[in-house]
Every structure is written in C-alpha cells, then in structure tokens.
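For reference, the chains in residue letters:
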Amino acid sequence: MENSSLRSLGAKVVVVSSSDEKHPPENIIDGNTESFWMSTGLFPQEFIIGFTHSTNISAVTMDSYNVKHLKLEKNTSQSASQFESVTEKEFDHVTGCLQSNTLPVNGIVATHLRFIITSGHDHFVSVHRVSVQL
C-alpha cells in the first residue's frame with residue numbers, strides 16, 4: 001500500500017539542513033510533485049522525517065531533481081538521533097523530468113528516516129515527494 005502523502009500518516013519533517021521560505025521542507029511530505037524543498041547548495045544536505053509511531057516500511061520512493069547519491073538511515077527511538085544505515089543509491093541524471101527512485105528496504109521498522117544527499121548532479125537539488133510503501 002503506497003501513501004501519496006506522508007502528512008496524512010501524521011509524519012513530519014523534523015530536521016532539515018537548509019531551507020528556503022519559498023520552498024519549505026514540508027513540501028516533501030505533502031504528496032504533490034508540483035511543490036518541493038530546495039537545497040541552498042553545498043553537500044551533504046539532509047532531512048529527517050518522523051512518524052507518530054514505529055512504522056513497518058517495505059520501500060521508500062523519492063521524486064527529485066539533480067540528486068546524485070543518497071544514503072538512507074533509520075532509527076526506532078522517539079528522538080531523531082542514533083541512526084543506522086539502511087541503504088545507499090546512486091541516482092541517474094535525468095533532464096527535463098523528475099527522478100523517481102524506489103529503494104526497497106525489506107520491511108524495516110522506523111520511527112525516523114534520515115535522507116542524506118551526499119552529492120548532486122548540480123549545485124542545487126530539489127526533493128518533490130517522498131512516499132513509503134507499508
């Protein structure tokens with residue numbers, strides 16, 4: 001079951017490495033690929049999504065522009081600290097449309113997911129939507 005809006009699950013963006021008032025981090029979880037969060041340059045960039053309770057996740061999908069390499073980490077504590085690695089992925093460069101990448105995570109349990117964008121295909125990246133498959 002895919003959820004187009006993490007916000008509808010009660011999820012929140014609890015930490016973000018940079019922010020632009022025209023493109024706030026909450027856009028990542030609104031389910032709309034027309035809105036987005038944009039980095040302010042330099043790498044790494046990261047954001048953390050927190051769930052209201054421990055959640056079983058089988059896959060994570062991220063729609064973005066210019067992301068080159070992503071690390072995904074998780075934790076099961078109530079605080080957004082002490083993460084463990086889940087997976088990493090190199091994204092292909094796509095011109096003129098969104099990158100849509102699904103990361104199978106084999107039924108992890110997470111209270112927080114940390115997305116670390118270690119490099120981009122350009123100086124700036126944007127994340128348009130993150131969804132999870134439960």
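Model, not experiment: these values are computed from the prediction.

Some thoughts on the overall build of the protein chain
Okay, step 1: Within the protein chain one finds zero helices and eight strands.
Okay, step 2: Sequence-ordered secondary structure for the protein chain, helices as α and strands as β, is β-β-β-β-β-β-β-β.
Okay, step 3: Against the compact-globule benchmark of 14 Å for 134 residues, the protein chain has a radius of gyration of 13 Å, which places it among compact chains.
Okay, step 4: Dimensions of the protein chain along its principal axes, counting C-alpha atoms only, are 35 × 30 × 30 Å.
Okay, step 5: Across the 134 residues that make up the protein chain, the buried fraction comes to 44%.
Okay, step 6: Accessible surface, the protein chain: about 6,600 Å² in total, of which carbon and sulfur atoms supply 47%.
Okay, step 7: Taking the average location of the 9 positive side-chain charges in the protein chain and that of its 14 negative ones, the two points are 4 Å from each other.

Side note on the environment of H121
Okay, step 1: Looking at the element boundaries, H121 is found in the loop between β7 (99-120) and β8 (126-133).
Okay, step 2: On a C-alpha basis, the gap between H121 and V94 in space is 9.4 Å, while along the polypeptide they are 27 residues apart.
Okay, step 3: In this structure H121 touches N66, V67, K68, F91, D92, H93 and Q99, once residues within four positions along its chain are discounted.
Okay, step 4: Engagement of the side chain of H121 in a polar contact is seen with the backbone oxygen of F91, the distance being 2.9 Å.

Let's talk about the UniProt feature "domain: F5/8 type C" (unreviewed entry) in the protein chain
Okay, step 1: The UniProt feature table records "domain: F5/8 type C" (unreviewed entry) at residues 16-126.
Okay, step 2: Structurally, residues 16-126 is divided into 0% helix and 57% strand, and its ends, taken at the C-alpha atoms, are 13 Å apart.

With respect to the nonpolar core
Okay, step 1: With 27 residues, the main nonpolar core has F47, I49, L113, F115 and V130 as its most contacted residues.
Okay, step 2: Mapped onto this core, the elements with two or more residues apiece are β4 (45-65), β5 (67-75), β7 and β8.
Okay, step 3: Sorting elements by how many residues they give to this core places β7 first, with seven residues.
Okay, step 4: When near neighbours in sequence (up to four residues on either side) are disregarded, V130 contacts L6, I28, F47, I49, V60, T61, M62 and F115.

Overview of the environment of V60
Okay, step 1: Relative to the elements of secondary structure, V60 occurs in strand β4.
Okay, step 2: Since its relative accessible area comes to 0%, V60 is described here as buried.
Okay, step 3: Placed 70 residues apart in sequence, V60 and V130 show a C-alpha to C-alpha distance of 7.1 Å.
Okay, step 4: Aside from chain neighbours lying at most four places away, what touches V60 is L72, N101, T102, L103, V105, L113, F115, V130, S131 and V132.

Let's talk about the pattern of salt bridges
Okay, step 1: Counted by the stated rule, this structure contains four salt bridges.
Okay, step 2: For D63, the salt bridge is made with R129, and the minimal N-O distance between the two is 3.0 Å. Placement of the pair is D63 in strand β4 and R129 in strand β8, with a sequence separation of 66 residues.
Okay, step 3: Among the residues examined, D63 registers a relative accessible area of 4% and is labelled buried.
Okay, step 4: R114 is paired through a salt bridge with E73; the nearest N and O atoms lie 2.5 Å apart. Residue R114 is found in strand β7, and its partner E73 is found in strand β5; the two are separated by 41 residues along the sequence.
Okay, step 5: A network of salt bridges, in which partner residues are shared, links E46, E73 and R114.

Quick notes on the rules
- Residues numbered from 1 in each chain as written.
- Predicted model: local features only at pLDDT ≥ 70, side-chain atom pairs only at ≥ 80, totals over all residues.
- Heavy atoms only, no water.
- Helix = DSSP H or I, 4+ residues; strand = E, 2+ residues; numbered from the N terminus.
- Rg over C-alpha atoms; globule rule 2.2 N^0.38 Å.
- Buried < 20%, exposed > 50% of the residue type's maximum accessible area, 1.4 Å probe, protein only.
- Areas by Shrake-Rupley, 256 points an atom, 1.4 Å probe, with all protein chains shown as cover.
- Lys, Arg positive; Asp, Glu negative; His and termini not counted.
- Charge placed at Lys NZ, Arg CZ, Asp CG, Glu CD.
- Contact = heavy atoms within 4.5 Å.
- Polar contact = N/O pair within 3.5 Å; in protein donor to acceptor, adjacent residues only side chain to side chain.
- UniProt positions renumbered as here; feature names shortened; annotations may be inferred.
- Core = buried A, V, L, I, M, F, W, Y, C linked by side-chain atoms within 4.5 Å.
- Salt bridge = Lys/Arg side-chain N within 4 Å of Asp/Glu carboxyl O.

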